[in-house]
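The residues making up each chain are set out below.
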Amino acid sequence: MSLKVTVVGVGMVGEQIVSILKERNLPIEWPPRVCATRERVEILAGDKYRVEEISLDSFNGADVVLFAGKEGANGASVSWRARATTAGAICIDNGKDFRLAPDVPLVVPEVNMATVGPNHRFIASPNCSTIQMVMVLAPLHRAAGVKRVVVSTYQSVSGWGVRANQELLNQTHYALKSFNGIPYDPTIMARPIAFNYIPHIDKFFENGYTGEEMKMVWETQRIMNADIKISATTVRVPVLVGHGESINVETERKLSAAEARQLLADFPGMVVLDQPDPDNLRNDRRERTYPVAQDVHKPEYRDAVLVGRIREDPTIENGLNLWCVADNLRKGAALNVVQIMEGLLERGLLNGRRPAWRQKNPTLAIEV
Ligand SMILES: NC(=O)c1ccc[n+]([C@@H]2O[C@H](COP(=O)([O-])OP(=O)(O)OC[C@H]3O[C@@H](n4cnc5c(N)ncnc54)[C@H](OP(=O)(O)O)[C@@H]3O)[C@@H](O)[C@H]2O)c1
């Protein structure tokens, strides 16, 4: 029996959802229904789609609704969640609107899929920068108890959405001629981003932190079900896709860099790029490999969280420094949502159906 899927939003994340649904061996009716704010024909993941204008009818017969629309009062999931769940669909949402609602599980499947039960009709996927950090913290926490985290992010512009990519490209073109008066839309990014970086993502809070920084604190604590102290600085950088994070972790028990490398390498969905690289072109005999943003375009890495620069922190008793990179549109959003759907299928939670289907890349649910 095939499941009927509706995808709401066909921007940066929505297109990736369609692409990942196509790549993976899921028992769904093809093609999925796709909706946005207005009707048109659009090429998504190489195929032509009739994008429907979202309406009351968009959810009729749907088993699963994957929300990838904008957030806020007029956003997709706030406007349409009630209609979709009443129509009988299970919804998985990329946005922030319901991530902290007590009755909504907030899920990274490798970490806490078991928090989803048969009565949950609406599930949230975390913020992109939270997802890749939680993937790194989960195995370390299981082994040694994470007490405190200091994180700085290097976030690509696609994290804002499709219009931010165009801003970076247009501004770069302009800035190659002049740095004076680079045109920019301050409602997308607060300063010109071309050849620049901006320590400002989402709105400022009373405490001086930004919304993106507080998401990393609250969402991580919720997913890991632990009162970990987290201090975050989130920064937009002029990269199209791929977020980087520098993470300092303090643990209850000592972990050597070698132990941390092994724990991370053993965790599903994680790839450690931190090996000696003696053949490097700089003749540096101590040089090691490490991930960079462009690695997320390589087929073997695009669905992984890549981690490197794993070092013991000599300034505290039990501390580590790490660097991680992931595709914010895939593991940071679309892939995580599809993996949640796969987790529901595995556990027979999609309308009580358990199609004869197994994942090609099994997600191990590891409780932290
Ligand atoms: N980008 C990331 O790295 C990332 C990571 C994690 C989570 N998210 C979340 O994922 C969601 C989508 O992000 P995005 O980057 O794909 O944004 P985007 O590129 O701006 O695309 C947004 C899409 O949603 C549609 N939409 C907006 N409001 C809608 C509404 N009320 N009803 C139906 N459709 C609506 C838009 O329709 P039109 O095309 O008709 O304008 C567009 O197709 C957001 O909630 C975002 O916070 C994004």
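What you are looking at is a predicted structure, and each value in this text was computed from that prediction instead of being measured.

Overview of the overall build of the protein
Consideration 1: In terms of regular secondary structure, the protein is built from eight helices and 13 strands.
Consideration 2: In terms of overall size, the protein behaves like a compact globule, its C-alpha atoms giving a radius of gyration of 21 Å where 368 residues would be expected to give roughly 21 Å.
Consideration 3: Projecting the C-alpha coordinates of the protein onto the three principal axes gives extents of approximately 60 × 50 × 45 Å.
Consideration 4: Taken over 368 residues, the protein has a buried fraction of 54%.
Consideration 5: Within the protein, counting contacts between residues at least 6 apart in sequence, those at least 24 apart form 70% of the total.
Consideration 6: With an accessible surface of roughly 16,900 Å², the protein has 50% of that area assigned to carbon and sulfur atoms.

Overview of the nonpolar core
Consideration 1: Formed by 57 residues in total, the largest nonpolar core has its most connected members in Phe 67, Leu 140, Ile 247 and Leu 322.
Consideration 2: Sort the elements by how many residues they give to this core and helix α4 (residues 128-144) lands first, with nine residues.
Consideration 3: Composition of this core by domain shows at least three residues from each of domain 1 (5-126 + 331-346) and domain 2 (130-328).
Consideration 4: Core analysis: the second largest hydrophobic core is formed by 46 residues, Ile 17, Val 107, Val 241 and Leu 344 among them.

A look at the packing of helix α1 (residues 12-23) against helix α8 (residues 330-346)
Consideration 1: It is at 9 Å that the axes of α1 and α8 come closest, and there the two elements cross at 45°. In this view, α1 runs oblique relative to α8, as classed from their interaxial angle. For the element pair α1 and α8, the recorded crossing hand is right-handed. Every residue of α8 that contacts α1 at Val 13, Gln 16, Ile 17, Ser 19, Ile 20, Leu 21 and Glu 23 is listed here: Arg 330, Ala 333, Ala 334, Leu 335, Val 337, Val 338 and Met 341.
Consideration 2: A breakdown of the residues in the contact of α1 with α8 according to their chemical character gives ten nonpolar, two polar and two charged.

Considerations on the sheet that holds strand β8 (residues 146-154)
Consideration 1: Pairing is mixed in the open sheet, where six strands are placed in the order β9-β8-β10-β13-β12-β11. The open sheet has two edge strands with one neighbour each: β9 (229-233) and β11 (270-272). Strand-to-strand twist across the sheet, computed as the mean angle between neighbouring axes with direction ignored, equals 25°.
Consideration 2: Where β8 and strand β10 (residues 243-251) come together, eight bridges link them in antiparallel fashion. Across the sheet, residue Val 150 finds its bridge partner in β10, namely Asn 248.
Consideration 3: Contacts between helix α6 (residues 211-224) and the sheet are confined to β8, β9 and β10, with β9 contributing the most and set at about 155° to the helix.

Quick look at the side chain of Asn 112
Consideration 1: Following the sequence through the fold, Asn 112 ends up in helix α3 (residues 109-112).
Consideration 2: By relative accessible area, which is 3% here, Asn 112 ends up buried.
Consideration 3: Looking at Asn 112, its side chain comes within polar contact range of the main-chain nitrogen of Val 108, at 2.9 Å.

Remarks on the pairing of strand β6 (residues 90-93)
Consideration 1: Judged by which residues are buried, β6 turns out to be covered on both faces: Ile 90 and Ile 92 on one side and Cys 91 and Asp 93 on the other are all buried.
Consideration 2: Each parallel crossover has a hand, and the one from strand β5 (residues 64-67) via helix α2 (residues 76-86) to β6 is right-handed.
Consideration 3: Judged from the three bridges that link them, β6 and strand β7 (residues 122-124) form a sheet pairing that is parallel. Bridging from a neighbouring strand, Asp 93 pairs with Ala 124 of β7.

Things to note about the site of the ligand
Consideration 1: The local shell around the ligand holds 29 residues, among which Val 13, Thr 37, Arg 40, Glu 71 and Ser 158 are the closest.
Consideration 2: Between the ligand and the protein, one listed contact pairs an oxygen atom with a side-chain N or O atom of Thr 37 at 2.5 Å.
Consideration 3: Lys 70 is positioned with one of its side-chain polar atoms (N or O) 3.3 Å from an oxygen atom of the ligand.
Consideration 4: Protein coverage of the free-state accessible area of the ligand, which is 900 Å², stands at 88%.
Consideration 5: Across the shell around the ligand, the residue classes break down as twelve nonpolar, 13 polar and four charged.

Here we look at the sheet that holds strand β3 (residues 40-44)
Consideration 1: Pairing within the open sheet is mixed, and its seven strands lie in the order β3-β4-β2-β1-β5-β6-β7. With partners counted over all chains shown, the strands left at the sheet margins are β3 and β7, one partner each. On average, adjacent strands in this sheet sit at an angle of 30° to one another, irrespective of strand direction.
Consideration 2: Sheet topology places strand β1 (residues 5-8) next to strand β2 (residues 33-36); three bridges connect them, and they run parallel. In the strand pairing of β2, Thr 6 is matched with Arg 33.
Consideration 3: Contacts between α2 and the sheet are confined to β1, β5, β6 and β7, with β5 contributing the most and set at about 175° to the helix.
Consideration 4: Sheet contacts for α8: β1, β5, β6 and β7; angle to β6, the most-contacted strand, approximately 150°.

What counts as what
Residues numbered from 1 in each chain as written. Predicted model: local features only at pLDDT ≥ 70, side-chain atom pairs only at ≥ 80, totals over all residues. Heavy atoms only, no water. Helix = DSSP H or I, 4+ residues; strand = E, 2+ residues; numbered from the N terminus. Rg over C-alpha atoms; globule rule 2.2 N^0.38 Å. Buried < 20%, exposed > 50% of the residue type's maximum accessible area, 1.4 Å probe, protein only. Contact = heavy atoms within 4.5 Å. Areas by Shrake-Rupley, 256 points an atom, 1.4 Å probe, with all protein chains shown as cover. Core = buried A, V, L, I, M, F, W, Y, C linked by side-chain atoms within 4.5 Å. Domains from an automatic or database assignment. Axes fitted to C-alpha atoms, helices over the stretch in contact; angles between N-to-C directions. Parallel < 35°, antiparallel > 145°, perpendicular 65-115°, else oblique. Left-handed = near helix turned anticlockwise from the far one by under 90°. Nonpolar A, V, L, I, M, F, W, Y, C, P; charged D, E, K, R; others polar. Pairing = 2+ DSSP bridges. Polar contact = N/O pair within 3.5 Å; in protein donor to acceptor, adjacent residues only side chain to side chain. Right-handed = clockwise from strand over helix to strand, strands pointing away. Near = heavy atom within 4 Å.

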